[in-house]
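Coordinate analysis (summary)
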Amino acid sequence: MSFVSHTVETAPEGSKPMVEGARKKFGFIPSPVARIAESPELLATFMGNTAAFDRSSLDALQREVVIMAIATRVECHYCVALHSATMTRQSVDGEVIGALREGKPLADAKLEALRQFTTAVLATSGGVSEEDMDAFFVAGYDQRNALDVVLGVGTYTLSTFANRLTGAPLDAPFEAHRWEPHHTGRNATA
């Protein structure tokens with residue numbers, strides 16, 4: 001069974017305003033929004049969490065590092081393409097974008113510490129070692145930043161899992177940033 005890609009007209013009543021808002025923001029309804037609109041609660045939670053993460057103590061590039069660490073680990077092709085496009089629009093250096101897409105170390109030591117910490121949070125389900133925590137703090141981050149990484153992990157776990165579950169196809173505006181996961185033995189169908 002494939003998931004329905006909703007329009008403003010077909011979306012459940014609770015999702016209609018959010019679907020319309022996404023259409024106005026992007027100029028089209030991104031396929032992940034169209035598909036998770038089936039659950040107004042999931043769509044509202046994701047959008048609310050995204051807004052909260054955007055207000056967090058992490059700056060725009062730091063948030064993208066967190067998102068890309070999650071998206072590549074979970075193998076969400078849509079998220080990697082969308083956030084690659086976002087960073088390109090923000091004029092982030094192509095080497096940074098390339099390293100994030102490939103899961104390779106970043107040249108900037110502080111951003112690399114953030115990428116490694118995010119990966120540690122994911123790998124340990126939050127049970128980060130004292131050594132990993134210390135490395136994060138030595139790099140210049142604080143306790144609030146650590147908790148905001150957890151906010152990012154929670155927020156983007158919702159979207160990456162939902163995008164993979166629903167098989168959200170890549171929309172044409174992100175095609176130039178298409179990403180395919182390296183086959184690591186995990187199911188990479190979406």
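Residues numbered from 1 in each chain as written. Predicted model: local features only at pLDDT ≥ 70, side-chain atom pairs only at ≥ 80, totals over all residues. Heavy atoms only, no water.

**Looking at the overall build of the protein chain**
Across its full length, the protein chain holds nine helices and zero strands. Ordering the α and β elements of the protein chain from the N terminus gives α-α-α-α-α-α-α-α-α. Taking 190 residues into account, the globule formula puts the C-alpha radius of gyration at 16 Å, and the protein chain, at 17 Å, falls close to it. If one aligns the C-alpha atoms of the protein chain with their principal axes, the spans along those axes are about 50 × 35 × 30 Å. Expressed as a percentage of the 190 residues in the protein chain, the buried residues total 48%. Sequence-distant contacts in the protein chain: of pairs separated by 6 or more residues, those separated by 24 or more amount to 69%. (Helix = DSSP H or I, 4+ residues; strand = E, 2+ residues; numbered from the N terminus. Rg over C-alpha atoms; globule rule 2.2 N^0.38 Å. Buried < 20%, exposed > 50% of the residue type's maximum accessible area, 1.4 Å probe, protein only. Contact = heavy atoms within 4.5 Å.)

**Structural notes on the pattern of salt bridges**
Within this structure, the stated rule accounts for eight salt bridges. For K104, the salt bridge identified is with E102, shortest N-O distance 3.0 Å. Owing to a relative accessible area of 43%, E102 belongs among the partly exposed residues under this scheme. R178 is the salt-bridge partner of E175, the closest N and O atoms lying 2.5 Å from each other. Within the structure, one salt-bridge network assembled from shared partners comprises E20, R23 and K24. (Salt bridge = Lys/Arg side-chain N within 4 Å of Asp/Glu carboxyl O.)

**Remarks on a negative patch on the surface**
Taken together, E130, E131, D132 and D134 make up a surface patch of like negative charges. Looking at where E131 falls in the secondary structure, it is placed in helix α8 (residues 130–138). Looking at E131, the relative accessible area reads 65%, which means it is exposed. (Patch = residues over 30% accessible without salt bridge, like charges linked within 9 Å, V, L, I, M, F, W, Y side chains within 5 Å. Areas by Shrake-Rupley, 256 points an atom, 1.4 Å probe, with all protein chains shown as cover. Lys, Arg positive; Asp, Glu negative; His and termini not counted. Charge placed at Lys NZ, Arg CZ, Asp CG, Glu CD.)

**Description of unusual backbone geometry**
Even without being glycine, E75 reaches a positive phi, approximately 65°. Looking at where E75 falls in the secondary structure, it is placed in the loop between α4 (60–74) and α5 (77–89). In the Ramachandran plot, S125 falls in the positive-phi region, its phi being about 50° despite a non-glycine side chain. Its location among the elements puts S125 in the loop between α7 (109–124) and α8.

**Examining the side chain of T50**
Of note, T50 is situated in helix α3 (residues 40–54). Residues contacting T50, with those up to four places away along its chain left out, are T155 and Y156.

**Some points on the packing of α5 against helix α9 (residues 143–166)**
Angle between the axes and distance between the axes: these two values describe a pair of packed helices. Running from N to C, α5 and α9 cross one another at 120°; their axes reach a closest spacing of 8 Å. Relative to α9, the element α5 is oriented oblique. On α9, the residues touching Y78, C79 and H83 of α5 are Y156, S159, T160 and N163. (Axes fitted to C-alpha atoms, helices over the stretch in contact; angles between N-to-C directions. Parallel < 35°, antiparallel > 145°, perpendicular 65-115°, else oblique.)

**Concerning the nonpolar core**
Counting residues in hydrophobic clusters, the biggest one holds 41 residues, and the most contacted among them are V66, I70, L114, F117, F136, V149 and F174. Elements represented by at least two residues in this core include exactly α3, α4, α5, α6 (94–102), α7 and α9. In contact with L114, other than residues within four places in its own chain, are Q62, V65, V66, F136, Y141 and V149. Counting 12 residues, the second largest nonpolar core, distinct from the first, contains A22, V33, I36 and A37. (Core = buried A, V, L, I, M, F, W, Y, C linked by side-chain atoms within 4.5 Å.)

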